[in-house]
Amino acid sequence: MKSSTKRQAPGSVRRRAATGATAAFLGLAVALGSGTASPAAAAESATLTGVILGVGANETQRTVTWYSSADTAQKLQVAPTTALVNGEFPADAANFDATGAANIATSGGFNRHATITGLKEHTAYSYRVGTEGNWSSTYSFKTQDFEGDYDFLFFGDPQIGSSGNLGQDQAGWQDTVDVSLAANPNAELLLSGGDQVESANTESQWNSFLAPDKLRQYPWAPTIGNHDVGGKAYEQHFTTPNTDRSAPLYSNGNPASNTSGGDYWYIYKDVLFINLNSNSYATSQGGGGDAAHIKYVTDVINQHGAEAKWKVLTYHHAIYSPASHAKDNDNKVRRVDFSGAFSKLGVDLVLQGHDHSYSRSYEIKNGQKANPDEKPGAADLYPGPGGVIYVTANSASGSKYYDITKPDSSGTSGAGNGADPQNPSNYWYNSVQNQEHVRTYVKVEVRSDKLVVEDIRSGTCAAPNSEVEQGMSCTNTDAGQPVGSTVDKFKVHPNHGTGQDLQVNVPNPAPGEFGWTIDGYNGLVDLGTAQERNGDHFEASGKINPITVSDSRRSLAPWSISANVGDFKDGDKTFSGSYLGWSPYVLDQGAGAASGESVASGYDDNGTGLSVSRGLAHADQGHARGGAKLGADLGLKIPDSVTKGGYRATLTITALSS
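Presented here is a report on the structure given in the accompanying data block.

Closest axis-to-axis distance for the helix 5 (residues 289–304)/helix 6 (residues 329–345) pair is 10 Å, and the angle between their directions is 10°. On the basis of the axis angle, helix 5 is roughly parallel to helix 6. Between helix 5 and helix 6, the contacting residues are D290, H293, I294, V297, T298 and I301 on the first element and V333, R334, D337, F338, A341, F342 and L345 on the second. Here the contact of helix 5 with helix 6 is built from residues that sort into 8 nonpolar, 2 polar and 3 charged.

This is how it looks when you write it as structure tokens:
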């Protein structure tokens, strides 16, 4: 821990030491410096690739995952960006030891990951991975307010490689990431709809997926898709918080097999996010099926649901989608299994992928339309108890689009795929369906009294748009539906039951400040004419001008006031300031002030007196906010060998606060 110093000579006007960016940095050093680092062993040089920033268990955490060509001890190093000098990390940068294992043979190399904890609000951080002398490039991210409103973005199926043209798929994906974050630079999370790549263990596709630099600046919350599940590369590339990797949550019931899986959850501000491996859905394959996921969601919501205002689920297989997968048998089963459970548990919003087309469901309760009067495309939704909105994201890369299919006569509830009586071209469950063969992403605004969900075009028919470049038709018009235009937008309002919820927003108090001033007129402290004592020395006495201290900081951080005096001088005549001593005291109590120790004149003990810095008063961490008035009696004893004269010296006062 370091302290900032404010040095002033007596007589100046009010001194202030506000807590701001410096205080934030000090907080990080404490939070991150404890119990993290053990030096990485010097070892062979490693090539470090595939770095990606991930979501942590809450807003104070981030994960980082990367590949290493060598099996060496490595770490993640983090510091506030303001602490870097010429790109060099400070000596007190926080270090987090990395863990990991060997990659599967087709991936080659090794994976490493570490979790950053103790992040502070409104701070830009820089980080790098590796070892001393073998660091990666430096990357950065920022934190925002840890309370209140925020936005996150949801991306459907990049599925890099599915078009057969890796370069085109990467270009479309890169463009969607760039466009979405240029329009929403303060978005705080990036959520995945699954299928990051076409082939689970093809690293060239993973390299293309990881190409956007924004994936090292904004945390990615991955979802495992059916194209990701058939290998270990998904687990090698992503680290997720609170992850349950037990057998029922793997599609084959075997976490040790060459597949990826597991469910995880995290809370970010007012939202409890739960992410499911929907590839595990049939007990006949060996996993726990839908019942295992329902148990997981139930347990998480029972234990943590009260900690957030909203509950959002993400998984890959869309159960209310409008295109090629709408009538899949496994989805029909899930439509029955999941719907009732999610309604009972009070889930607000379900985000899904898999069908490469956009849809927004009606309010669905227990497998049926909750509100028969809800109109297609309604802008404001009041789902009521048990009503859940399901959103399916379109392709974020343009690598593959599925066209919307037609309803059948199989029914208008439960597992059925019948038509909507209000809009016969739509499935009964969908309020909005859309497919133009252009890239889109979903923006969700989290507000205290609503979720605002918007599907936004990130491209047009023009390149990069892989499937269209390869001959697929496109119905978008650049003039009427440009990049950034809205496909669909709606608000989800919470249900308050039969009562009336009360809400009050409590803002941050003023950050406060620590300051001190010399009380009243800072006149000359006149010790008068020294009196001879015992025929061998002179003595004089007086009092310092009182010093007023005020501390209104939230941090309740320690402070101290000290002083020292220089030599007394009269022209070319001088005597040492060590002959001056004092007895401090607190005139008016407050701000946790405690007086410093008395210091004798150096005449008595050949000591240094006030010629070196001595404490006038101090307060410990956690002291009360407020003000205090400090004073001190001065005592001067000098040998009678000192030549007659009118001597003056300066008492320099120093304030320390952190």
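Before going further, it helps to examine the sheet that holds strand 17 (residues 310–317). With mixed pairing, 7 strands are arranged side by side in an open sheet as 15-16-17-18-23-19-26. Both edges of this open sheet fall to strand 15 (264–268) and strand 26 (430–434), since each of them pairs with a single strand only. When the angles between neighbouring strand axes are averaged without regard to direction, this sheet yields 15°. In this structure, strand 19 (residues 358–361) lies alongside strand 26, joined through 4 bridges in antiparallel fashion. Among the inter-strand pairings, S361 is bridged to a residue of strand 26, identified as N430. Together, strand 15, strand 16 (271–275) and strand 17 form the strand contacts of helix 5, whose direction differs from that of strand 16 by roughly 160°. Against the sheet, helix 6 makes contact with strand 17, strand 18 (349–353) and strand 23 (389–392), and its axis sits at roughly 170° relative to strand 17, the strand it touches most.

Using the criterion set out here, one finds 25 salt bridges in the structure. Note that R245 is salt-bridged to E235, the shortest N-O span being 3.4 Å. Within this pair, whereas R245 is found in the loop between helix 4 (233–237) and strand 15, its partner E235 is found in helix 4, the two being separated by 10 residues in sequence. A residue is classified by how much of its surface remains accessible, and R245, at 34% relative accessible area, is partly exposed. Of the charged contacts, one joins K327 and D408 as a salt bridge, the two residues approaching to 3.9 Å between their closest N and O atoms. Note that K327 is positioned in the loop between strand 17 and helix 6 and D408 in the loop between strand 23 and strand 24 (419–420), a separation of 81 residues in sequence.

For any pair of aromatic rings, the description rests on two quantities: the centre-to-centre distance and the angle between the ring planes. Counting across every chain of the model gives 30 aromatic pairs. Pairing W206 with F238 gives two aromatic rings, centres 5.6 Å apart and planes at 70°, and the pair type is edge-to-face. Linking W206 in helix 3 (residues 203–209) with F238 in the loop between helix 4 and strand 15, this pair joins segments that are 32 residues apart in sequence. Here W206 falls in the buried class, since its relative accessible area comes to 0%. Between the aromatic rings of F575 and Y579, the centroid separation amounts to 6.3 Å while the plane-to-plane angle is 45°, which identifies the pairing as tilted. Three or more aromatic residues joined by ring pairs form one cluster here, namely F155, W173, W206, F209, W220, Y234, F238 and Y441. In this structure, R334 packs its charged tip against the face of Y281, placed 4.7 Å from the ring centre. Taking NZ or CZ as reference, K369 lies 3.8 Å from the ring centre of Y362, over its face.

Here strand 23 shows two buried faces, one formed by I389 and V391 and the other by Y390 and T392. The sheet contact formed by strand 18 and strand 23 spans 4 bridges and is parallel. Considered in strand 23, the bridge of L351 is made with V391. Both strand 19 and strand 23 contribute to a ladder of 2 bridges, which runs antiparallel. Within strand 23, the position partnered with R360 by the bridge is V391.

The buried count for strand 3 (residues 48–55) comes to 7 of 8 residues, which makes it a mostly enclosed element. Two elements, strand 3 and strand 4 (residues 62–68), share 6 bridges in a ladder whose sense is antiparallel. Looking across to strand 4, one finds that L48 is bridged to S68. Between strand 3 and the antiparallel strand that follows it, strand 4, lie 6 residues.

This paragraph deals with the environment of V549. Within the fold, V549 resides in strand 33 (residues 547–551). Of the residues examined, V549 reaches a relative accessible area of 0% and is grouped as buried. In this structure, the C-alpha to C-alpha distance between V549 and H325, residues 224 residues apart in sequence, is 70 Å. Not counting chain neighbours up to four residues away, the residues in contact with V549 comprise F514, G515, W516, W559, I561, G626, G627, A628 and L630.

Cut-offs and rules
- Residues numbered from 1 in each chain as written.
- Predicted model: local features only at pLDDT ≥ 70, side-chain atom pairs only at ≥ 80, totals over all residues.
- Heavy atoms only, no water.
- Axes fitted to C-alpha atoms, helices over the stretch in contact; angles between N-to-C directions.
- Helix = DSSP H or I, 4+ residues; strand = E, 2+ residues; numbered from the N terminus.
- Parallel < 35°, antiparallel > 145°, perpendicular 65-115°, else oblique.
- Contact = heavy atoms within 4.5 Å.
- Nonpolar A, V, L, I, M, F, W, Y, C, P; charged D, E, K, R; others polar.
- Pairing = 2+ DSSP bridges.
- Salt bridge = Lys/Arg side-chain N within 4 Å of Asp/Glu carboxyl O.
- Buried < 20%, exposed > 50% of the residue type's maximum accessible area, 1.4 Å probe, protein only.
- Phe/Tyr/Trp six-rings, centres within 6.5 Å; stacked < 30°, edge-to-face > 60°.
- Lys NZ or Arg CZ within 6 Å of the ring centre and 35° of its normal.

That is the geometry; function is a separate question.
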